[in-house]
Amino acid sequence: MPKARKRKTPIVAPSSDAATSSRPEVTRSVIREFHVLLKRQTQLGRSGTKDAAIASELDRIQQRIQELGGLERYQHMSATGQKDDRGGGSHKIFIGWMKELGLHKREDKGKLKMLEVGALLPDNYQSCSSWIDCRPIDLNSRHPAILQQDFFLLDPLTNQEKWSAISLSLVLNFVPEPKDRGRMLRMAHSMMVQDGHLFIALPLPCVTNSRYLTIEHFKAIMSIIGFKQLKEKWREGGKMVYYLYQKEEPSPAQDGTLFSKKRELRAGPSRNNFAVMLADA
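Per chain, residue numbering runs from 1 following the sequence as it is written. In keeping with the predicted nature of the model, local features appear solely for residues at pLDDT of at least 70, side-chain atom pairs appear and are counted solely at 80 or more, and the whole-chain, interface and lining totals rest on all residues. Calculated side-chain values reflect all of the structure's heavy atoms, with hydrogen atoms and water omitted.

In this sheet, strand β2 (residues 132-138) lies alongside strand β1 (residues 112-117) in parallel orientation, the contact comprising six bridges. Within the sheet, the bridge partner assigned to Lys113 lies in β2 and is Asp133. Looking at chain direction, β2 and strand β3 (residues 147-148) are connected through two bridges and run parallel. Among the inter-strand pairings, Ile137 is bridged to a residue of β3, identified as Leu147. Pairing between strands requires that DSSP locate at least two bridges from one strand to the other. Helix numbers and strand numbers start at the N terminus; a helix is a DSSP run of H or I with at least 4 residues, a strand a run of E with at least 2.

Set out below in structure tokens:
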């Protein structure tokens, strides 16, 4: 008697039930949808227009966010993605690079003052507490040890040249507007001590499949702001790219106005629109 054919499970769009799943592919799908919804919500909120159509769209966005489990669910899923069974957190790469540079052997220089932006777990750097004094912040903190703080609202005077290291792991890609991404990088530069270190983690397609950004283009932007690249880690077919920079003087060799507008660097319908733009300093 022939064996019954096994029915294939249909692929469906994420729902509120899917949002409770811990499967990696579901987690990634829901996080991506959250990113799209929150980016659109921010764009509409900044438009300054309050007509009925925009109000209706904002209501629909908020309803969908709640269907997915709200911001608490998003934060939970993002934190789950840092667990060891999902490849571990990017902070491990940052720690490894800092040790390669000998920053853990500071002797009488005191601890490195680190600002961890977009922290999902309060103890990422606990194992390095003998040489790192970490201050984790997040826009929507889900732990009392993580300060709920908008990076853009940090006081520029009290934070000027304050931090020895800043981590922007999966943060830059969550900033809705390209010019605000450039502004975040410039703010990080002003907040760091001379020769301080900046860690950036991004989804790899941001620099390998964007219409408006390439690896070389991003390196030029960082140089203009005043960051020298020390480390880079990614692989073909991978999901992430990691960078380590050291603060230096802004580069006068390149015209910053070339990066003040979007310029198509790659053509094709499958490209994404991720970009980083530099407004006039």
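From this point, the discussion proceeds with the structure in view.
Time to look at the side chain of Arg211. Turning to its location among the elements, Arg211 is positioned in the loop between α6 (205-208) and α7 (215-225). Exposure is judged per residue with a 1.4 Å probe applied to protein chains only, and the accessible area is read against the type maximum: over 50% gives exposed, under 20% gives buried, and values in between give partly exposed. Charge counting follows a simple rule: Lys and Arg are positive, Asp and Glu are negative, and His as well as the terminal groups are ignored. When a carboxyl oxygen of Asp or Glu lies within 4 Å of a side-chain nitrogen of Lys or Arg, that pair is called a salt bridge. It is Glu264 that comes nearest to the buried, bridge-free Arg211 among opposite-charge side chains, at 4.6 Å. In terms of polar contacts, Arg211 uses its side chain to reach the backbone carbonyl oxygen of Arg271, at 2.7 Å. A distance of 2.7 Å separates polar atoms of two side chains, one belonging to Arg211 and the other to Asn273. If sequence neighbours within four positions are ignored, Arg211 has contacts with Arg263, Glu264, Leu265, Arg266, Gly268, Pro269, Arg271, Asn272 and Asn273. Think of a polar contact as two N or O atoms within 3.5 Å of one another; within protein, one of them needs to be a possible hydrogen donor and the other a possible acceptor, and neighboring residues in sequence only count if both atoms come from side chains. Residues count as neighbours in contact if any of their non-hydrogen atoms are within 4.5 Å of one another.

Let us look at the sheet that holds β3. Within the open sheet, the seven strands sit side by side as β3-β2-β1-β4-β5-β7-β6. Their pairing is mixed. The strands lining the two open edges of the sheet, one partner per strand, are β3 and β6 (227-233). Across the face of the sheet, helix α5 (residues 178-191) comes into contact with β4 (163-169), β5 (192-203), β6 and β7 (240-247) while running at roughly 150° to β5. Axes, fitted as lines to C-alpha atoms, cover a helix only where it is in contact. Angles between the N-to-C directions of the axes lie from 0 to 180 degrees.

Moving on, we get to the packing of α5 against α7. Two elements in contact, α5 and α7, have axes separated by 10 Å at closest approach and are oriented at 45°. Judged by the inter-axis angle, α5 sits oblique to α7. Crossing angle aside, the handedness with which α5 passes α7 is right-handed. Between α5, through Gly182, Leu185, Arg186 and His189, and α7, the contact on the second element is made entirely by Phe218, Met222, Ile224 and Ile225. Of the residues belonging to the contact of α5 with α7, the class tally is five nonpolar, two polar and one charged. Should an angle fall under 35 degrees it is called roughly parallel, over 145 degrees roughly antiparallel, and 65 to 115 degrees roughly perpendicular, with every other angle called oblique. If you view the pair so one helix is near and one far, a crossing is left-handed when the near helix is turned anticlockwise from the far one by less than a right angle, and right-handed when it is turned clockwise. The classification used treats Ala, Val, Leu, Ile, Met, Phe, Trp, Tyr, Cys and Pro as nonpolar, Asp, Glu, Lys and Arg as charged, and all other residues, Gly among them, as polar.

A few words on the pattern of salt bridges. Taken as a whole and assessed by the stated rule, the structure comprises four salt bridges. A salt bridge links Glu67 to Arg64, with the nearest nitrogen and oxygen atoms 3.1 Å apart. Note that Glu67 and Arg64 are positioned in helix α2 (residues 52-67) at a spacing of three residues, about one turn of the helix. The partly exposed category is assigned to Glu67, whose relative accessible area is 35%. Between Arg183 and Asp180 there is a salt bridge, and its shortest N-O distance comes to 3.4 Å. Placement of both Arg183 and Asp180 in helix α5 is noted, with a separation of three residues, approximately one turn of the helix. Taking relative accessible area as the criterion, Arg183 reaches 39% and is therefore assigned partly exposed.

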